Amino acid sequence: LESMTSRNSNVLHGTLRQMRAMIETNAWAVRDMDQKRIAQTMVSIAADLVSCFAKESVPCPFVHAEAISVVDSIITFLCSPNANLREKEGIKLLERIVPFVRDCSEHFSCHDLGGEYSWQVCLAKLSVSLLKLFLKVSKSLQLADQKLDHEDIYEVLMLCLSSKHYEVRVSGLKQILRNFD
């Protein structure tokens with residue numbers, strides 16, 4: 001990821017799009033006994049994709065947005081009852097992703113740098129999904145005395161909901177309605 005050229009960014013973006021499409025369409029169709037294995041694999045993949053979020057590692061905002069979308073799709077799947085997510089895996093995922101989201105508020109800019117708002121749209125959706133994951137594993141978090149706090153995610157979501165871009169605000173609200181009906 002350190003030496004991303006525009007061609008490599010395009011390849012990474014295309015690969016991430018295909019990965020998201022596969023997760024959104026195929027993960028739900030897997031037999032129940034394979035769901036646990038898939039859940040474990042998805043936790044690992046999502047943790048690895050966090051490096052694509054950082055603006056320093058990959059300069060393309062569309063790659064950032066697509067990586068966040070893949071992780072959001074993974075978390076959406078993992079929060080479903082069919083996924084058989086073990087709480088320990090959910091905590092591991094939160095430990096890996098929450099610090100990134102916590103630091104994201106520093107990257108919200110007043111001006112759009114070509115694709116920046118699409119990154120914010122995806123971040124709004126991810127924030128809502130992370131809040132849902134927090135709720136799913138909250139009892140274990142309290143017992144394990146983890147240093148993770150849903151307030152960090154809530155703060156980023158509030159930044160997204162107050163964005164100057166209409167698309168960012170609407171996508172955050174739609175995601176809230178989908179996840180907490």
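Please read all numbers here as calculations on a predicted model, not as lab measurements.

Some words on the pattern of salt bridges
This model, assessed by the stated rule, comprises three salt bridges. Via salt bridges that share partners, Arg17, Arg20, Glu24 and Glu66 belong to a single interconnected network.

A word on helix α3 (residues 61-78)
Taking 1.5 Å as the rise per residue, α3 with 18 residues should run 26 Å; its terminal C-alpha atoms sit 26 Å apart, in good agreement. For α3, the buried fraction is high: 16 of the 18 residues fall into the buried class.

Notes on the side chain of Glu66
Topologically, Glu66 is positioned in helix α3. You can call Glu66 buried: its relative accessible area is 5%. Here Glu66 is in contact with His13, Leu16, Arg17 and Arg20, once residues within four sequence places are set aside.

Observations concerning the packing of helix α6 (residues 150-161) against helix α7 (residues 166-179)
The N-to-C vectors of α6 and α7 enclose an angle of 130°; their axes lie 7 Å apart at closest approach. Compared by their axis directions, α6 and α7 come out oblique. Counted together, Leu157, Cys160 and Leu161 of α6 and Val168, Arg169, Gly172, Leu173 and Ile176 of α7 form the full contact between these two elements. For the contact of α6 with α7, the class distribution of residues is six nonpolar, one polar and one charged.

A look at α6
Between its terminal C-alpha atoms α6 stretches 16 Å, which fits the 16 Å expected from twelve residues at 1.5 Å a residue. Where α6 is concerned, the buried positions are Asp152, Ile153, Val156, Leu157 and Cys160. With its buried residues spanning 135° around the axis, α6 presents them on a single face.

Section: the nonpolar core
As a rule of thumb, nonpolar side chains are buried together in soluble globular proteins. Counting 51 residues, the largest nonpolar core has Ile75, Leu78, Ile97, Val101, Leu123 and Leu126 as the members making the most contacts within it. At the level of elements, α1 (6-26), α2 (32-53), α3, α4 (87-104), α5 (116-144) and α6 are the ones that each hand at least two residues to this core. The element best represented in this core is α5, accounting for twelve residues. Excluding residues within four positions of it along the chain, Leu126 makes contact with Phe53, Ile68, Val71, Asp72, Ile75, Ile97 and Val101.

Basis of the calculations
- Residues numbered from 1 in each chain as written.
- Predicted model: local features only at pLDDT ≥ 70, side-chain atom pairs only at ≥ 80, totals over all residues.
- Heavy atoms only, no water.
- Salt bridge = Lys/Arg side-chain N within 4 Å of Asp/Glu carboxyl O.
- Helix = DSSP H or I, 4+ residues; strand = E, 2+ residues; numbered from the N terminus.
- Expected span 1.5 Å × (residues − 1).
- Buried < 20%, exposed > 50% of the residue type's maximum accessible area, 1.4 Å probe, protein only.
- Contact = heavy atoms within 4.5 Å.
- Axes fitted to C-alpha atoms, helices over the stretch in contact; angles between N-to-C directions.
- Parallel < 35°, antiparallel > 145°, perpendicular 65-115°, else oblique.
- Nonpolar A, V, L, I, M, F, W, Y, C, P; charged D, E, K, R; others polar.
- Arc of directions from axis to C-beta.
- Core = buried A, V, L, I, M, F, W, Y, C linked by side-chain atoms within 4.5 Å.

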